[in-house]
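Coordinate analysis (summary)
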Amino acid sequence: LETVTHFNDLGVIFDSNLTFNLHIDSIILKSFRLLGFIKRNTKHIYDTKALITLYNCLVRSILEYCSVIWNPSYQCHIGRLERVQNKFAKYFLYKMHFPYRDISYDTRLLLCGLQTLEYRRKKALLIFLYKIIHGTINCESLLSAILFHVPARRTRQYQLFFERTHRTNYGYNAFVHMLIHNYNANFSNCDIFNISIYALKRQLMF
């Protein structure tokens, strides 16, 4: 058997350290190329829905493919991914003859009707957690690792799922901990037990 430092499995690049740095580098490079393709071929297109549709289909789909697996935890990777969308937002507002240089990234996304890629990855993690709990994804090992938090006494701060204490970034960013921490930190007001998957996506404006 040949020893390799990385391999591509169903479109996701795994390296020997499971950092997914190579995968992130790869999708960013590919996304910038496709964004350049869109800009070259839409010089005479000013329809906003058409531009957004092209971006979502050709670029954002690559930036979000299997993001539950390779979801980055370091700000350097998160920022590099957002830079791709920021470049599209600038181009979109330029096409709309809107002064985009003096406004923030969040404001640009608001004007484009987009959300940050980081927030969309968090929503994807919530949907994945929902599917595990409801049995849509049949994985007993993951389901058994998700524990409920039962406090010994009533406190002001309540977490639905139990989060183990980790001393290292490796443990803190482990997949199961990432799933439950994402819910506790960002979607604790969302009832994922008494809602359909379609209603949940509508609630999140997916």
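Here's a quick rundown of the structure.

Reading the values: rules and limits
Residues numbered from 1 in each chain as written. Predicted model: local features only at pLDDT ≥ 70, side-chain atom pairs only at ≥ 80, totals over all residues. Heavy atoms only, no water. Axes fitted to C-alpha atoms, helices over the stretch in contact; angles between N-to-C directions. Helix = DSSP H or I, 4+ residues; strand = E, 2+ residues; numbered from the N terminus. Parallel < 35°, antiparallel > 145°, perpendicular 65-115°, else oblique. Contact = heavy atoms within 4.5 Å. Buried < 20%, exposed > 50% of the residue type's maximum accessible area, 1.4 Å probe, protein only. Lys, Arg positive; Asp, Glu negative; His and termini not counted. Salt bridge = Lys/Arg side-chain N within 4 Å of Asp/Glu carboxyl O. Polar contact = N/O pair within 3.5 Å; in protein donor to acceptor, adjacent residues only side chain to side chain. Expected span 1.5 Å × (residues − 1). Pairing = 2+ DSSP bridges.

At a closest axis distance of 10 Å, the pairing of helix H1 (residues 21-41) and helix H4 (residues 75-95) adopts a crossing angle of 5 degrees. Taken together, the axes of H1 and H4 are roughly parallel relative to one another. Taking contact as the criterion, the partners of Asn21, Ile24, Asp25, Ile27, Ile28, Ser31, Phe32, Leu35, Ile38 and Lys39 in H1 are, on H4, His77, Arg80, Leu81, Arg83, Val84, Lys87, Phe88 and Tyr91.

Phi is positive for Leu10, close to 55 degrees, though the residue is something other than glycine. Of note, Leu10 is situated in the loop between strand E1 (6-9) and strand E2 (12-15). With relative accessibility at 69%, the residue Leu10 sits in the exposed group. Of note in this structure, Phe20 is not a glycine but carries a positive phi near 60 degrees. Tracing the chain through its elements places Phe20 in the loop between E2 and H1. When its relative accessible area of 10% is taken as the criterion, Phe20 is described as buried.

All right, on to the side chain of Glu163 then. Turning to its location among the elements, Glu163 is positioned in the loop between helix H7 (140-145) and helix H8 (169-172). One buried charge, Glu163, has no salt-bridge partner; the nearest side chain with opposite charge is Arg164, at 11 Å. A polar contact is formed between the side chain of Glu163 and the side chain of His181, at a distance of 3.1 Å. Side-chain polar atoms of Glu163 contact the side chain of Asn184, separated by 2.9 Å.

For the structure on display, the rule yields two salt bridges. Between Asp25 and Arg80 there is a salt bridge, with its nearest N and O atoms 2.7 Å apart. Of this pair, Asp25 sits in helix H1 while Arg80 sits in helix H4, and the two are 55 residues apart along the sequence. By relative accessible area, Arg80 is classed as partly exposed at 26%. Close ionic contact of Glu64 with Arg120 constitutes a salt bridge, the shortest N to O distance being 2.4 Å. Linking Glu64 in helix H2 (residues 48-64) with Arg120 in helix H6 (residues 117-133), this pair joins segments that are 56 residues apart in sequence.

On to H4, then. With 21 residues, H4 extends 30 Å from end C-alpha to end C-alpha; this agrees with the ideal 30 Å at 1.5 Å per step. Two residues or fewer past H4, His97 is found with a positive phi of approximately 60 degrees.

On to the environment of Lys43, then. Its place among the elements puts Lys43 in the loop between H1 and H2. The exposed category is assigned to Lys43, whose relative accessible area is 53%. Contacts of Lys43, omitting those with residues within four sequence positions, involve Tyr91 and Lys95.

Inspection of the secondary structure puts Gln85 in helix H4. Overall, the relative accessible area of 0% leaves Gln85 in the buried class. A polar contact of 2.9 Å, which involves the side chain of Gln85, links it to the backbone oxygen of Gln115.

Side chains of E2 alternate between two faces, with Val12 and Phe14 and Ile13 and Asp15 buried alike. With four bridges connecting them, E1 and E2 associate as antiparallel partners. Bridging from a neighbouring strand, Asp9 pairs with Val12 of E2. In this structure, the hairpin formed by E1 and E2 is closed by a connection of two residues, where Leu10 is found at a positive phi of approximately 55 degrees.

Counting through the fold element by element, Phe37 comes out in helix H1. Here Phe37 falls in the partly exposed class, since its relative accessible area comes to 41%. Between the C-alpha atom of Phe37 and that of Leu58, which follows or precedes it by 21 residues, the distance is 9.6 Å.

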